[in-house]
Amino acid sequence: MLDISVVIPLYNEAESLPELHQWIVRVMNENHYTYEVIFIDDGSTDSSWQVICNISMKDSNVRAIKFRRNYGKSPALFCGFRAAEGNVVITMDADLQDSPNEIPELYRMIVEEGYHLVSGYKQKRYDPISKTLPTKLFNATARRVSGIRNLHDFNCGLKAYHHDVVKNIEVYGEMHRYIPYLAKNAGFDKIGEKVVLHQARKYGKSKFGLNRFVNGYLDLITLWFLSKFGKKPMHVFGFLGSITFIIGFIATIIIGADKLIAIIGGHPQRLITDTPYFYIALTMMIIGTQLFVAGFLGDLISRNADSRNDYQIDKTIHVEA
């Protein structure tokens, strides 16, 4: 097995690729690592693929994957992880903002200190405040929801993984922001952090807009729900539905009893349908029923899913009779 696989997703980074490749090769040779570099071209519209082809003809350690169109960073990482053969997998962005000089220490923390995953922390950033302030708020929320309190920069592209981690997590949609959370949910809970150098972008411009923060929060909610109730949706929908239905049912009984008491006492009383409380109670009963049915259907889907018994098994002992 190779020492290191470097996985680099990219989109329109033709200018930076030769310099990045030379930098990685220099670091690998200085430390005598066996390695591979895997470029994943995420449907670039510039000459990135041609540059990668030229590099691969000169360096047999370079492998590459090209998408027919732009799918996003998560699909690129998924394919890179699937192809990686190194004992330690390093991910970094292709824009030269991540320094390959960090690779030896990241590798050491995985191999010698036994971390499953080490995430970079760009403590000093060269980004505008319009990017750094939302990033701080985003990371604070991610720490709170995920329970991984020691990470300050979930979205840093520079990370190191043990081989077993990348082979046992599924990165999809835009979940690349939450790979530490995915790893934790898969049972790889020894997660560390290293302060890394953040360099100003040398070529081109950022491919990410402010909409990523909105999408990021939505993805975080999805991941939290799946990690808590993905295999038991009835526990949340059934509970909420039952509570809502019961409150609505009790309210309906109280409204009916109030009307009955007024009739028996000979007091004038308007029709039940003239009070808004009747419709509120009826709506709660309907919503409660819908939530309960949603939980029931979710449980049926979960029980018939191929992954219903997909558990992360670390080790087994087999004793011959």
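Located above this text is the structure these notes cover.
Residues numbered from 1 in each chain as written. Predicted model: local features only at pLDDT ≥ 70, side-chain atom pairs only at ≥ 80, totals over all residues. Heavy atoms only, no water.

(A) Broad picture of the sheet that holds strand E7 (residues 191-195). On the basis of which strands lie adjacent, the open sheet formed by seven strands has the order E3-E2-E1-E4-E6-E5-E7 and mixed pairing. Edge strands, defined here as strands with exactly one partner in the open sheet, are strand E3 (62-66) and E7. Strand-to-strand twist across the sheet, computed as the mean angle between neighbouring axes with direction ignored, equals 20°. Sheet analysis places strand E4 (residues 86-91) next to strand E6 (residues 159-162), joined by four bridges and oriented antiparallel. Counterpart to valine 88 in the pairing with E6 is histidine 162. Here helix H4 (residues 103-111) sits on the sheet and contacts strand E1 (2-10), E4, strand E5 (117-121), E6 and E7; the angle it forms with E4, its principal contact strand, is near 135°. (Pairing = 2+ DSSP bridges. Helix = DSSP H or I, 4+ residues; strand = E, 2+ residues; numbered from the N terminus. Axes fitted to C-alpha atoms, helices over the stretch in contact; angles between N-to-C directions. Contact = heavy atoms within 4.5 Å.)

(B) Examining the nonpolar core more closely. Ranked by size, the top nonpolar core spans 35 residues in total, and within it Ile4, Val6, Ile8, Ile90 and Met92 carry the most contacts. Elements that contribute at least two residues to this core include exactly E1, helix H1 (17-31), strand E2 (35-41), helix H2 (48-58), E4 and H4. Of all the elements, H1 adds the most residues to this core, at seven residues. Not counting chain neighbours up to four residues away, the residues in contact with isoleucine 4 comprise Met28, Tyr33, Thr34, Tyr35, Glu36, Gly86, Val88, Ile90, Ile103 and Tyr107. (Core = buried A, V, L, I, M, F, W, Y, C linked by side-chain atoms within 4.5 Å. Buried < 20%, exposed > 50% of the residue type's maximum accessible area, 1.4 Å probe, protein only.)

(C) Main features of the pattern of salt bridges. Per the stated rule, a full pass over the model turns up nine salt bridges. Residue glutamate 102 pairs with lysine 194 through a salt bridge whose shortest N-O separation is 2.5 Å. Remark: lysine 194 occurs in strand E7 and glutamate 102 occurs in the loop between E4 and H4; sequence separation between them is 92 residues. Grouping residues by exposure puts glutamate 102 and lysine 194 together as buried. Via salt bridges that share partners, Glu105, Arg108, Glu112 and Glu113 belong to a single interconnected network. (Salt bridge = Lys/Arg side-chain N within 4 Å of Asp/Glu carboxyl O.)

(D) Focus on H1. Spanning 15 residues, H1 covers 21 Å between terminal C-alpha atoms, matching the ideal 21 Å at 1.5 Å per step. All of the buried residues along H1 are Leu17, Leu20, His21, Trp23, Ile24, Val25, Val27 and Met28. Buried residues belonging to H1 abut E1, E2, H2, E3 and H4. Backbone geometry just downstream of H1 places histidine 32 in the positive-phi region, at approximately 60°. (Expected span 1.5 Å × (residues − 1).)

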